[in-house]
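Reading the structure
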Amino acid sequence: MVAFLFHCTLAFALVCHSLSLHTDTPLYRFKRNRDTSWSDPNDCSSKQPVVMTPSSSHNFTLDLRMPGVSPRQPDTYLCTAVPAPAGRDSYIVDFVPHASMDTAHHMLLFGCQKPFARTGYWDCGTERTCDDEAAIMYAWGRNAPPTKLPKDVGFKVGGTTRISYFVLQIHYADVHAFTGGHKDCSGIALTMTTKPQPFIAGMYLLMSADTVIPPGKKVTNSDVSCQYDYYPIYPFAFRTHTHQLGKVVSGYRVRDGNWTLIGRQSPLLPQAFYAAQPGVEVKRGDTIAARCVFTGEGRTKNTEIGGTAGDEMCNFYIMYYMESRHSTPYMSCMDPGSKELFRHIPAEANVPIPVSPENAMSMAHMSHGAPQEEKKEDEEEDGLENTSNSGPTEREDDGYHLEEAPSWPSSALRLGQVSGVALDTDDNLVIFHRGDHEWGASSFDSQARYQQSSQGPIQQSTILVVDPATGAVLKASGRNMFYLPHGITTDQENHYWVTDVALHQVFKLSSEGGGEVLVELGKAFMPGSDSSHFCKPTDVAVDQVTGNIYVSDGYCNARILKFSPEGKYLSEWGAGASNRRRRVPFQIPHSLAYLPDRQELCVADRENGRIQCFVADTGQFVKEIKSPEFQGEVYAVSYSTADGGLLYAVNGESPYSVSAPPQGFVINYSTKEIVDTFSPSKQDFVMPHDLVVNKDGVVFVGDAGSNSVIKFTSAKTHRSVKKGGIEVQEIEEIEAFVQTNVKHPALHKVSVAVAAVASQQRPAQTPPTRLLQQQHKQDEEKKGVLKQTSQQGGTMSPAVVTTLLLIPLVMIISMGVFLRWRKSRPYGDGCDVKLEPNSTGGILGKLRGKAAGGLNLGNFFASHKGYTRQGFDRLSTEGSDGEKDDATDSENEEYSAPPPPPPPPTFPVSPS
């Protein structure tokens, strides 16, 4: 009996000990909450914002969600706090946002010891996020890539760290999604592990405290620098932050007088974390430096550092990793840099990054509690901006349509298969063609090796610089160099970047002629798929600011490669998708377009019939544009910054299905809408292979099937468009001759009739020359009526003259009475719509928003000169425009390259 009692006691003790150990593990929370966890991420019936799901003995997922909130006011900032796993140290190794642009404008994740509240949620636009130092760990925002941690790197939290709570903050800019009682459960899933990571992630913050921006001064620089005196760190992401006056923020490592870029970005773009320049190490003795460039234009008094909209900020965040044994999670620098040091800063730090109007608008309403004296000025500026962006784009409003230039070129160009077209800095057309070589079925074997090298290179000049107005050849080069030319582009020095699919190479050629090769990439006639080989590369794009180049590779390798200006391999990536499980690899990435105002790279994925766009610096997927009108093929893409951003594309006939004749497309980048289509009038497209658009909207299409280049110009059309819900018939300004000249009353009636007919029978497309002809014809008609009326005036009887004099008077009186009645009842009974003078500005100018902050850096700032606790309770990562951007297809892709694409398709691919 004693032995039995002993064994029972021992067993009970072991069970209790096991349970006590188990409750100390992070996985215990999963079992404790499993009865209340959500089966559906959009089901907000549960009030518990934490779901922990174990995936192995070490790994688990912590799902932070808003507990079913329904914000009622625009620009609401809500926060909720969740305990970090306790008992032992844990590591965040991945962030996966669960939010939609339709609901959440942006999200932030902070770590701290003392959140403002430990239960429920609170308004952190008016209250703090944390009572102690709030460490930003993650940011997700519109159009911005999410933070992706490198392999073997994690944020250390819980356990012995000072991060015992996570605070999730979400900015709800537009609350229309919450009509009908909708509740929001947006949040972030943290992939975590209890397994110690070799490297620990941390944050280094450079910030200015004493900058003063004089009013009206075009450029003011704010410099910060500190010497680094600790163990090595490796930056992998960065974030910039200013208010409305910031133009560009750049961060560098300075070693032995050499400046190495860590990251550079416009603070007018979404202020999330972007990928840092790869391979940068900061070690003891280095200097970390940052410069913010501001403008004081539009201000009437000094602007200082602070937390309101009338103030400014200069922050550069570096997200880094370092060895676990030496890890320091947070470091900062607030020292103003010496003038001598910053005298040698790279010139790029002083060059503002172009930002599209819509992105500038998204930041224009950034507000952190603006002083009252600034409010009226801000409202006026907002009204102007809203008015200027309220209606259709200029292209839609004015009705431009691309038509073939009938007399171009003035003399025939002797061309082979035209594979590429480009523009130099003078807007001259550059043509890349194949001379007497043709790409046929026997050009390559099954291993993509060129089979006709015995023919030697093309003996004709393969690169022609052509006058865009006349088509006259200005310069020729490229003899005895190429076998099968494909893509061409130019850089800021007018050098040519070209690809040759037979050679499997990319070249940079001097624009001076003579065939001087400045950079050579790939191995001649040797296809491959590593960083030093290509397989039928198709095109090159150039970032004109950094000089980095991008290569689409191509017919065998479904990838995009990034190189430095000197040809050093930097990175590569494959196709993107908003849903990783539905990612479709490239099928011939055939053409590239660099978007300078967005710093994006768009790819014409030929056989998939789509255009995919990426953040050029990181390869982060941004959006996909696909339309049934493409007929399953997109051969080439080009870009213009006009009208907020327009993509130009051409398709081709698919060898795998019945397709319509090829044509060109003009696409609104933001909305993905096709706003115009175009095709030749004198001939049909045979194989439109490449195209380019100049700053005036003139488009050149190189056709590899007809061995020609076709020019298209914008002709103005006149059609009905809708503005603000009211249909307006757009006609030219024509002298209506609505006169009360009693000497020629017949002229009045005839002229009004002519104007009415002209307004009703306006042709759908009217080129500028035709407008002049119509105007001249109408003038002649008016002169004829005048002459005829004068000739008949002498024979008219007094009764007729009197009658003709009375008729216009009666008509004017009747019209006045009618208009008076209409003014009192503009829309009839039961309609309460009121029109105000200048309705466009009056109505749309009132659509203004306010923004409230969210990022609370707490006591960290309180001890520093120039910062107040109150001001920094209201800092947000980006502006609150309250707009939903359907152009964003994914915010969940990683910085690093996706897995290698599968082997190329086995079906035959048509050459071009």
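Use the structure listed above.
Every value quoted in this text rests on a predicted model; they were computed, and no experiment measured them. (Residues numbered from 1 in each chain as written. Predicted model: local features only at pLDDT ≥ 70, side-chain atom pairs only at ≥ 80, totals over all residues. Heavy atoms only, no water.)

Next up on the list: the side chain of N557. By the secondary structure assignment, N557 is in the loop between β32 (549-553) and β33 (559-563). Setting aside residues no more than four positions away along its own chain, N557 makes contact with G528, S529, F534, C535 and P589. (Helix = DSSP H or I, 4+ residues; strand = E, 2+ residues; numbered from the N terminus. Contact = heavy atoms within 4.5 Å.)

Further remarks concern the state of the cysteines. A complete count under the given rule lists six disulfides for this structure. Across the disulfide, C292 is cross-linked to C314 (sulfur-sulfur distance 2.0 Å). Measuring the twist about the S-S bond at about 85 degrees, one finds the C292-C314 disulfide to be right-handed. Taken together, the positions of C292 in strand β18 (residues 287-294) and C314 in the loop between β19 (303-304) and β20 (315-323) put the pair 22 residues apart, joining distant regions of the chain. Assigned by exposure class, C292 and C314 land together as buried. (Disulfide = S-S within 2.5 Å. Buried < 20%, exposed > 50% of the residue type's maximum accessible area, 1.4 Å probe, protein only.)

Let's shift gears to the packing of aromatic side chains. Using the criterion set out here, one finds 33 aromatic pairs in the structure. Both rings, one in F236 and one in Y321, keep their centres 6.1 Å apart while their planes meet at 35 degrees; by these two values the pair is tilted. Here Y321 lies in strand β20 and F236 lies in strand β14 (residues 234-241), a separation of 85 residues in the sequence. Residue classification places F236 among the buried positions, given a relative accessible area of 10%. Pairing Y450 with Y483 gives two aromatic rings, centres 6.0 Å apart and planes at 75 degrees, and the pair type is edge-to-face. Taken together, the residues Y450 in the loop between β24 (429-433) and β25 (463-466) and Y483 in the loop between β26 (473-477) and β27 (485-490) connect sequence positions 33 residues apart. Both residues of the pair, Y450 and Y483, belong to the buried class. One aromatic cluster is present, built from ring pairs that chain together W439, F444, Y450, Y483, F525 and Y555. Sitting over the face of the ring of F444, K536 holds its NZ or CZ atom 4.1 Å from the ring centroid. Here K623 stacks its cationic end above the ring of Y669, 3.6 Å away from the centre of that ring. (Phe/Tyr/Trp six-rings, centres within 6.5 Å; stacked < 30°, edge-to-face > 60°. Lys NZ or Arg CZ within 6 Å of the ring centre and 35° of its normal.)

Structurally, D690 is set in strand β43 (residues 688-693). Looking at D690, its side chain comes within polar contact range of the main-chain nitrogen of V421, at 3.0 Å. Not counting residues within four places of it along the chain, the set of residues in contact with D690 comprises S419, G420, V421, S591, A636, F700, V701 and G702. (Polar contact = N/O pair within 3.5 Å; in protein donor to acceptor, adjacent residues only side chain to side chain.)

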